[in-house]
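Observations on the three-dimensional arrangement
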Amino acid sequence: MENYTYNSFTLHMEGLKVTEDSMYPIFLFFFLSYIFIVITNVGIVVLVCIERSLHQPMYLLFCNLSINDIIGNTNILPRLLVYILMPPSENLITYYECVIQAFTANLFATVSHTVLMIMTFDRYVAICNPLRYSTIMNNKMVMKLTASAWGVAFVLVAVLLGLTIRLNRCRTRITNLFCDNASVFKLSCESVFINNVYGLTFSVVLLTASIGSVVLTYTKITVVCLTSKSKSLNSKALQTCSTHLCLYLIMMISGLITIVLHRFPQYDYERKVCSILLHVIPGSLNPIIYGAQSGEIRKFLSKTFQSKKVLPLL
C-alpha cells in the first residue's frame, strides 16, 4: 500500500499535449482568446453601468453572464497558459488551489444555467405581459433574481464540493486539464457512491429546470406571437428572444459535445480539450451576439464613434 501518497497536498495536473512546433501557436490562441473575453465582457459591464439608457432589466441580468464568463475563464486559462510553457513534470498544483479551482469551475457551469433561466423569465414578462413589465421587473425584482441565480448555484456547488473534500486521497494525478469536482473525487480510493448520487441528482434537476423553463417560456411566447396581430410585438419578440435563445444553444451545444465524448474513451483527450472550449467559446460569443442584436448597445457605440470622428484635430 502506497501510504506516502495518502492525502498529499501537492498534485500533478495533466497538461495539454503540445509539441515544440505547436506550443506557441496554441499558447497564442488561448492567450488572445482570454484577452478578448476579458476586454469584451468587462466592456459590456462597464457600458451598462455608465449608460443610463441601458439600465434596463434585460441588460442588468446579462451583466451576470458577462461576470460569470470572466470568472470562469480567469479560473482556468491563466494557469493553463503557464502549463503550456512548462515541462509536463512541473505541472503542479496544491490541493487547496485545486479545490478552489474545482469550486469555481462548477460554479461557473451552474451559474451559466441559472442566469439564463432568470433571463428567460425576463423575456417571458416582456413579451407576454408587456403592460406590467415595468411593475414586475423593477430594481428589487432584478436584485432578487440575481441573488437567487448566484445563491442557489453557490449552495448546490458548496454541497457538491463538501461531499468531495471529506474523502481521503490516495492519488496525486489530476486526469484533466483543470480541477473540477469529478477530477478531485477521483483522487480518492474510498466509495464515491454518495458523490455520484448527489452529482447525478444535481445535474438532472439543474438541466430539467433549465431546459424545462426555456421550452415552456418559448412555447408561451410563440402562442402569444401567433395569436397577436401586432407586428411591433412580433418584431420585438424575434429580436430579443433570438438573442437569448442563441446564447442558450451555444452553452447547451458546447456542454453536450463534452457529455457525448464521455461515452467514447478513445476520445478522452479531445473531451478534455472541449471542456476548455466550453469556457472559451460561450465567453467569446456571448458579448458579440448580445451586442450585435441589442439596438441600444449598437446606438450607443455608433454615437460614441461618430462623436470621436467629428472631434477637431489638435
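Here, the structure is the one placed above.
Everything numeric here is computed off the predicted structure, so don't read it as measured data.

**Quick notes on the pairing of strand β1 (residues 10-13)**
In terms of strand pairing, β1 meets strand β2 (residues 92-94) through three bridges, oriented antiparallel. Paired with Leu-11 across the two strands is Ile-93, which belongs to β2. Bridge analysis of β1 against strand β3 (residues 173-174) gives two bridges, and the strand direction is parallel. Its bridge partner being in β3, Met-13 is matched across the sheet by Ile-174.

**Points about the state of the cysteines**
In the structure shown here, the tally under the stated rule is two disulfides. Through a disulfide, Cys-170 is tied to Cys-189; the S-S separation comes to 1.6 Å. The chirality of the disulfide connecting Cys-170 with Cys-189 is right-handed, given an S-S dihedral of about 80 degrees. In this pair, Cys-170 is assigned in the loop between α5 (139-165) and β3 and Cys-189 in the loop between α6 (181-185) and α7 (193-227), connecting sequence segments 19 residues apart. Shown here for the chain is a disulfide pattern of 1-3, 2-4, where each number marks a bonded cysteine counted in sequence order. Not part of a disulfide, Cys-274 finds its nearest cysteine sulfur in Cys-246, a span of 19 Å.

Rules and cut-offs
Residues numbered from 1 in each chain as written. Predicted model: local features only at pLDDT ≥ 70, side-chain atom pairs only at ≥ 80, totals over all residues. Heavy atoms only, no water. Pairing = 2+ DSSP bridges. Helix = DSSP H or I, 4+ residues; strand = E, 2+ residues; numbered from the N terminus. Disulfide = S-S within 2.5 Å.

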